[in-house]
Every structure is written in C-alpha cells, then in structure tokens.
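The primary structure of each chain is shown beneath.
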Amino acid sequence: MTVRIVGLVGALVFATACGGADTARSDDRVAHSSGQLARGDVPLGTIGRVATAAEIQAWDIDVNPTGHGLPIGRGTHDSGAQLFAAKCAVCHGARGEGMAIYPKLIGREPHDDFAFGRDPKLVKTIGNYWPYSTTLFDYVRRAMPLNAPGSLSSNEVYNLVAFLLAENGIIARDSVIDQRTLPAVRMPARKRFVRDDRTGGSAFR
Amino acid sequence: MSESISRRALLAGVAVAAGGVVLDQLPLSAQNAQPAQASVPPDPSLVPGGPTTPVSARSPFESAVRTPAGVITGPAYSPIHQLTGTITPSDLMFERHHAGVAVIDPAKYKLLVHGLVDRPMVFTLDDLRRFPSVSRVHFLECSGNGRNGYRDPKPELTAQLVDGLTSNGEWTGVPLATLLREVGVKRGATWFLGEGGDASKLSRSIPIEKAWDDALVAYAFNGEPLRPANGYPARLFLPGFEANTSIKWLRRIKLIDQPNMSRDETAKYTDPLPDGTARQFSFVMDAKSIITQPSYPARVAPGWIEISGLAWSGRGKIARVEVSTDGGAHWTDAALQDPVLSRAHTRFRFPWRWNGKPAVIMSRATDETGYVQPTLEVFQATRGRGTDFHFNHIRAWTLRGDGTVVYGARA
C-alpha cells in the first residue's frame, strides 16, 4: 500500500509540474497495476539537473528551413571556391564530381525529370535532389570535413554553401549568402518530396 | 557494400593531410581480434580443461564474422546465415557508422533535453540508470538493408550481404516519455530532434507521438552495457523504425515545432518513387523475411532439409510465414518459433525433402496488420528499380542440381 500512496503523490506532483492537459497523460500513470514500480514512484525533479545556458548554446547547432539556428555571417561563391579546393576537393573532386564513395555534389541532371525512382543509374546531388537550402549549412557545419568536423567558422560554412549553390546553378555567382538570404533560396527538388502514405494492412505502396 | 570508406582509403585521402584526427580515436581491437588457437588433446575426456576466464571467447573452430571490417562511414553486415534462433550476439550485431565509432567516457556522458520545454535539463548516465527501466526484445534494421540484392543481384550473394543489416535482442533503458515528463513539454512541440555525440553528429527529426508511445533511451543490449559500436553509453531506440533514427551516442534531444530537414531525412533515407516523387519520413520497416538456411554458399544433399529463416515487421507481430519450393507457384505455412514478439525477429522453420532437382525456394511474411510481403515484380512496379531504401520484396534462393545454392530465382 505504501508504494501506491507514494505513487499517487508522485502523480499529483507530475500533474502540477507539467501544468497542462496537453502534456499530462493520465494513461501513463495508471499503467502500473500488479505491484510493479511505476513512474509515479519517482517524484519529478529528483533526477537530473537544469541545463545551463552555456551548455545549451554549445550544442544547439541545428538549423531548420525557416533559418532558425543560422548564425551571423556571410559567404560568397568566390571565397567558397578557394575553401572548397583546399578542404573538400580531396574527397569530392575539384568540380564536386565525387570520387569513389565520396558523393557527387554538383550537377542538375536529369533537370526537371526527377526520375530517380525509375532509373537506378541517376546520381543524386545537391542540385538535383536536396529539397532545402538550410540543410546545407546544418550538415556542413556539423559533419564536414570528415576528418575535422566542427573546424569551420560560420563564414567559412556560408562561403562553402554559396559556392555549392552557385555551382549547382541555383543562385548567381555574385549572390551573398547569409542568415536572411539562405532560407529564401528555393531548391529545384523542393516540391518532389511527399509524406509517407504507407499504413500497413493489405495495401502495398 | 556500395557506401563505405575504408581505413586505407581514408588514410590515403584525408587523414594523413590532416593528421589522422579521426583514426587516432578508433578502437582497433575489435577489428584485429583473432580467436586464440587452442591446442586440442586427442581425447579431451582424459585431461583437465582450461581455467575460467574473465570474458569468454568464441570457439576457435567457429568463424562467423561481420563484414567488411575497417569501415568508418559505411556498414558491416551481420552473419545471419551462420546464426540460429532469434537473438543476435552483441559482437556480431550489424554496424552502420557515419564517422566511425565514437569513444565516450561514461563519467563525462550527458544527455541534454531542451527546446520547447518548461525546464531544459541534463541527465548523466547514472541519472538515466536511476529512472524506472524497461527491457524489450526488438529488431533493429537499417532501411538500406537489401540494397545489394535489389540493385546488384549476383548469384554469389550471401544472406549476410543480402539482409545482414538487421539484428535482434533485448534492449534496456528508460522510456523517452519519462524524460519528457521531467522537462515538461510545451504546447506546440510536435517533433523532436535526436542528435548523436559522434563526429557525424547525426540528427533526425521524429514525430513526438513516437516519444510518448515507445521510444527508449537505451543503455544496455542483451544484458550488458551497449557495446561502443552500438552507441555506448546511451542511444535512442525507436522500435520498428528504420535504424538510422535510433541515434547512437545520443547527446541531445530537442523539442521542436517542425522537422529540421536534416541531411539524413532529405538527401538520404528518402525513397524515390516511379511517379517522380520521393517519399520522406518513411520510418516504419515493412514486413519481410529471408531464408537463411540453406543459402549461398551452402551445398546441400538430396533428402530432408530444414528450411529456416527470419521474419519481422515494424508494425507488430509476424502472423504467418509461408514457404514455396517451386518458385512461388504454391505456398505452405512454416512453423513459427514461440514466443512471437511484436517488432522482433521471428524464426520460421519448414522441413522439406529435396529430390535433387533444381528448385527455387522462397519465404513470404504476413504481419498482424494483414500486410503481405510483396513479390519482386510488384515491388519493382510500385517502388521502381531506382528506389533506394526499404527493400522488402520476397527473396529467392535457387538450389541447383549439384546441390549448390545461389541468390535469386534462376532457371
């Protein structure tokens, strides 16, 4: 009985702390019949600690399609070209054509056809497949170059993004890419992506 | 096999110029491990055996290994053609890394949960282990599993190279829902971002319903702490979802109001279709099965053979597995090994007397939603020959008159 009473108290603490029907899920707290330990037995706030602003800032690196998360900075094709030659071409090729398993980055073929499902020989690139421009900044900053991820400054990432977008014929070579202009870049494949319509059951999709 | 960067290639290409930063952190022991050669007495019943050891090694007479070794961005396939039952040994679990196996000190590990929350919080590994835990048996499968057999179907493919990017075992951890209650999720949080602490900092956006449903922050597999290649000290585990979403070396969960459109949910892990679209956020692994015994390079003799294999579905339990020994013209129910668990490998068995004439053997899984594994022809017509993930069509093996077994339905 003691366990049950503690469980109820824990449940009350939970409901108060979360303060809203949208987060308080009553079914989570009644699933612990038959004497098993339940979530309600550990009052909220007793395990873990509040994160500091500095901890969050150090790791909060994601960028979304609205541009949320983009840092201050700017980049251009010409500055990006030098950087690409110095740090990227060793794997991706001087013209972003790809080498061995290192992906091709530049190219618009098959242009407006998007026949990737039908033709296994087509090679996906930033220009013909990537649906969001902001993904470029997010990915290059978090993971590239492979041997030294996290080593590029914000301006260096913007420069590389400007270079890759211009080489793919998506922006002009004299365009400046920054917090404001990058999310506004419309990628050629943007409208090709559809949500999952598989449901299980008898249909094969 | 298509996407892999070998240590040699990386040494030659990038790391030498930059000082080998990544390579220096790679644990090499697993790749170089060789079973010790035991001296075999003429009659083991006449001499005392060896002493106890801290950790047991596999018998030196056994040779099951993952392949390929030495890859830091690419897969290593589990030898499913040499395994029995349903549980994958931890050291033979498949691997797929995006920037090598991270080395993380458990004393310094922390998981940050923030974003649209009332209280952003940090949990240490000890913290995670203090929460009420759960253990569940589930498969974990890369959605690229099956690409070799679909895009480049050679007769000499092993079951390992066809479907070895799936593994199954007992996961232990804390429900993600428990952690979300600790931080208090704000109204408007509809997705969460999971991010790894490895050099790829791999990130995926997941609908928040999965967090409330059955997502785990797992810290153990098959009764012991996760192995480094399996995400030590803690990883996300999303039952039934493509493995890329079960972020290894998990360091951050961020509650968000829209998907982030990360590289691995746009440029990769999307499914081009014949109608000129690409399916996105195709998380659930559809029902499939494969005969693992007999399979290439086995050689069989006429007489009784146990056809055996694995079936699984990301949508629930396997309801039925049928086997055909005549290329799909006739199908007969196989026996399912109890217990049949939801979203877990299910072993099927089918005793069959082979008459020595060429034959094509196949398996076909049905899950509890009524979903039936499609034929290769239906799959090709629906998904296209260029589609890139979720290859769950019926697999075939051909028994030739000389007893050799090769991949595919071959006349």
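Reading the values: the criteria
- Numbers given for residues are sequential positions, taken from 1 along each chain in its written order.
- Lettering for chains starts from A, numbering for ligands starts from 1, and both go in the order in which the items are written.
- Owing to the predicted nature of the model, reporting of local features is limited to residues with pLDDT of at least 70; listing and counting of side-chain atom pairs is limited to 80 or more, with chain, interface and lining totals taken over all residues.
- Strands here are runs of E lasting at least two residues and helices are runs of H or I lasting at least four, both read from the DSSP assignment and numbered beginning at the N terminus.
- Radius of gyration here is computed from C-alpha atoms only, and the compact-globule reference equals 2.2 Å multiplied by the residue count raised to the power 0.38.
- Counting other C-beta atoms within 10 Å of a residue's C-beta gives its exposure: the residue is buried at 20 or more, exposed at 12 or fewer, and partly exposed in between, where C-beta atoms are placed from the backbone.
- Placing C-beta atoms from the backbone, we regard two residues as in contact once those atoms come within 7 Å.
- Only strands that DSSP links by at least two bridges are regarded as paired with each other.
- An automatic or database domain assignment is the source of the domain bounds shown.
- Three classes are used, and their members are as follows: Ala, Val, Leu, Ile, Met, Phe, Trp, Tyr, Cys and Pro are nonpolar, Asp, Glu, Lys and Arg are charged, and the others, Gly among them, are polar.
- Every residue carries a pLDDT, the predictor's confidence in it, which falls somewhere between 0 and 100.
- Here the arc refers to the directions that run from the helix axis out to each C-beta atom.
- A set of buried residues qualifies as a nonpolar core if it consists of Ala, Val, Leu, Ile, Met, Phe, Trp, Tyr and Cys joined through C-beta atoms within 7 Å.
- Take the number of residues in a helix, subtract one, and multiply by 1.5 Å to get its expected span.

1. Brief notes about the overall build of chain B
Now for step 1: Across its full length, chain B carries nine helices and 23 strands.
Now for step 2: Taking 22 Å as the expected radius of gyration for a compact globule of 411 residues, we find that chain B reaches 22 Å, a close match to that expectation.
Now for step 3: On the principal axes, the C-alpha backbone points of chain B span a range of 70 × 65 × 45 Å.

2. Some thoughts on the overall build of chain A
Now for step 1: Along its length, chain A carries eight helices and four strands.
Now for step 2: Ordered by position from N to C terminus, the α and β elements of chain A give α-α-β-α-β-α-α-α-α-α-β-β.
Now for step 3: The burial tally for chain A puts 36% of its 205 residues in the buried class.
Now for step 4: Relative to all contacts within chain A whose residues are 6 or more apart in sequence, the contacts with residues 24 or more apart total 61%.

3. Remarks on the interface of chain A and chain B
The extent of an interface is frequently quoted as the accessible surface area lost upon association of the parts.
Now for step 1: With 62 residues of chain A at the interface, the matching set in chain B holds 73 residues.
Now for step 2: Secondary-structure elements contributing two or more residues to the side of chain A that touches chain B are helix H1 (2-18), strand S1 (49-50), helix H3 (53-59), helix H5 (89-92), helix H7 (134-143) and strand S4 (193-195) of chain A.
Now for step 3: Considering each element in turn, the side of chain A that touches chain B owes the most residues, six residues, to H7 of chain A.
Now for step 4: Note that S1 of chain A and strand S4 (residues 121-124) of chain B share two bridges and pair antiparallel. If you follow Val50 of chain A over to S4 of chain B, its bridge partner there is Met121 of chain B.

4. Focus: the domain arrangement of chain B
All names here are of chain B.
Now for step 1: Per the domain assignment, the segments making up chain B are domain 1 (1-30 + 65-269) and domain 2 (288-407).
Now for step 2: Look at where the C-alpha atoms of domain 1 and domain 2 centre, and you get two points 28 Å apart.
Now for step 3: Across the side of domain 1 that touches domain 2, the residue classes break down as twelve nonpolar, twelve polar and four charged.

5. A word on the confidence of the model for chain A
For any part of a model where pLDDT is low, the fine detail of the predicted coordinates should not be relied upon.
Now for step 1: Chain-level pLDDT for chain A is 85 on average; 80% of the residues reach the 70-or-more range.
Now for step 2: Long-range and interchain partners of residues 1-39 of chain A, a stretch whose pLDDT sits below 50, account for 42 contacts in this model, where long-range means more than four residues apart.

6. A few points about the sheet that holds strand S13 (residues 271-272) of chain B
Now for step 1: Overall, mixed pairing links the three strands, which are arranged S4(A)-S14(B)-S13(B) in an open sheet. In this open sheet, the two strands that pair with only one neighbour each are S4 of chain A together with S13 of chain B.
Now for step 2: Pairing analysis gives two bridges linking S13 of chain B to strand S14 (residues 278-280) of chain B, with the strands arranged antiparallel. Across the sheet, residue Asp271 of chain B finds its bridge partner in S14 of chain B, namely Arg279 of chain B.

7. Some details on the pairing of strand S20 (residues 346-354) of chain B
Now for step 1: Relative to S20 of chain B, strand S16 (residues 303-312) of chain B runs antiparallel, the two being bridged by nine bridges. If you follow Ser308 of chain B over to S20 of chain B, its bridge partner there is Arg349 of chain B.

8. Comments concerning the sheet that holds S16 of chain B
Residue and element names in this part refer to chain B.
Now for step 1: Pairing is antiparallel across the open sheet formed by four strands, whose spatial order is S15-S16-S20-S19. In this open sheet, the two edge strands, each paired with only one partner strand, are strand S15 (288-293) and strand S19 (335-336).
Now for step 2: Summarising the sheet, S15 and S16 pair through five bridges and their orientation is antiparallel. Residue Lys288 lies in a different strand from S16, and its bridge partner there is Trp312.

9. Concerning the environment of Leu70 of chain A
All names here are of chain A.
Now for step 1: Positionally, Leu70 belongs in the loop between H3 and strand S2 (74-76).
Now for step 2: Given 22 C-beta atoms within 10 Å, Leu70 falls into the buried group.
Now for step 3: Residues Leu70 and Gly107, spaced 37 residues apart in sequence, show a C-alpha to C-alpha distance of 26 Å.
Now for step 4: Apart from residues no more than four positions distant in its own chain, Leu70 is found in contact with Val63, Phe137, Gln179 and Leu182.

10. Thoughts on helix H4 (residues 77-87) of chain A
Residues and elements named next belong to chain A.
Now for step 1: Every buried residue of H4 is listed here: His77, Gly80, Phe84 and Lys87. All buried residues of H4 fall inside an arc of 105 degrees around its axis, so they share one side. Residues of H4 that are exposed and point over 90 degrees away from its buried face: Gln82, Ala85 and Ala86.
Now for step 2: Structurally, H4 contributes buried residues whose contacts are with S2, H5 and helix H8 (154-167).

11. Quick word on the nonpolar core
Now for step 1: Core analysis: the largest hydrophobic core is formed by 135 residues, its most contacted members being Val161 of chain A together with Leu111, Phe192, Val217, Ala218 and Ala234 of chain B.
Now for step 2: Filtering out sequence-adjacent residues up to four positions away, Phe192 of chain B remains in contact with Ile206, Ile208, Ala211, Ile253, Lys254, Leu255 and Ile256 of chain B.

12. With respect to the confidence of the model for chain B
Residue and element names in this part refer to chain B.
Now for step 1: Across chain B, the average pLDDT comes to 92, with 91% of residues at 70 or higher.
Now for step 2: Averaged pLDDT values over the elements of chain B bottom out at 33 in helix H2 (residues 21-24) and peak at 99 in strand S11 (residues 235-237).
Now for step 3: Long-range and interchain partners of residues 1-35, a stretch whose pLDDT sits below 50, account for 59 contacts in this model, where long-range means more than four residues apart.
Now for step 4: Among the scores for the predicted complex, ipTM is 0.89 and pTM is 0.88.

13. Section: unusual backbone geometry
Residue and element names in this part refer to chain B.
Now for step 1: Cis peptide bonds are those with omega within 30 degrees of zero, and the linkage from Gln293 to Pro294 qualifies with 0 degrees.
Now for step 2: If you trace the backbone, Pro294 turns up in the loop between S15 and S16.
Now for step 3: Each neighbour pair has its own omega, and for Tyr296 with Pro297 the value is 10 degrees, a cis peptide bond.
Now for step 4: One can find Pro297 in the loop between S15 and S16.
Now for step 5: Not every positive phi belongs to a glycine, and Phe281 is a case in point at roughly 55 degrees.
Now for step 6: Tracing the sequence through the fold places Phe281 in the loop between S14 and S15.

14. Structural notes on H8 of chain A
All names here are of chain A.
Now for step 1: Helix length check: H8 (14 residues) gives 20 Å between terminal C-alpha atoms against 20 Å at 1.5 Å per residue, within 8%.
Now for step 2: In terms of burial, H8 is largely enclosed, as eleven of its 14 residues are buried.
Now for step 3: Looking at H8, one finds that the buried residues are Val157, Tyr158, Asn159, Leu160, Val161, Ala162, Phe163, Leu164, Leu165, Ala166 and Glu167.
Now for step 4: Elements in contact with the buried residues of H8: S2, H4, helix H6 (126-129), H7 and strand S3 (176-178).
Now for step 5: Positive backbone phi, approximately 70 degrees, marks Gly169, located one or two places after H8.

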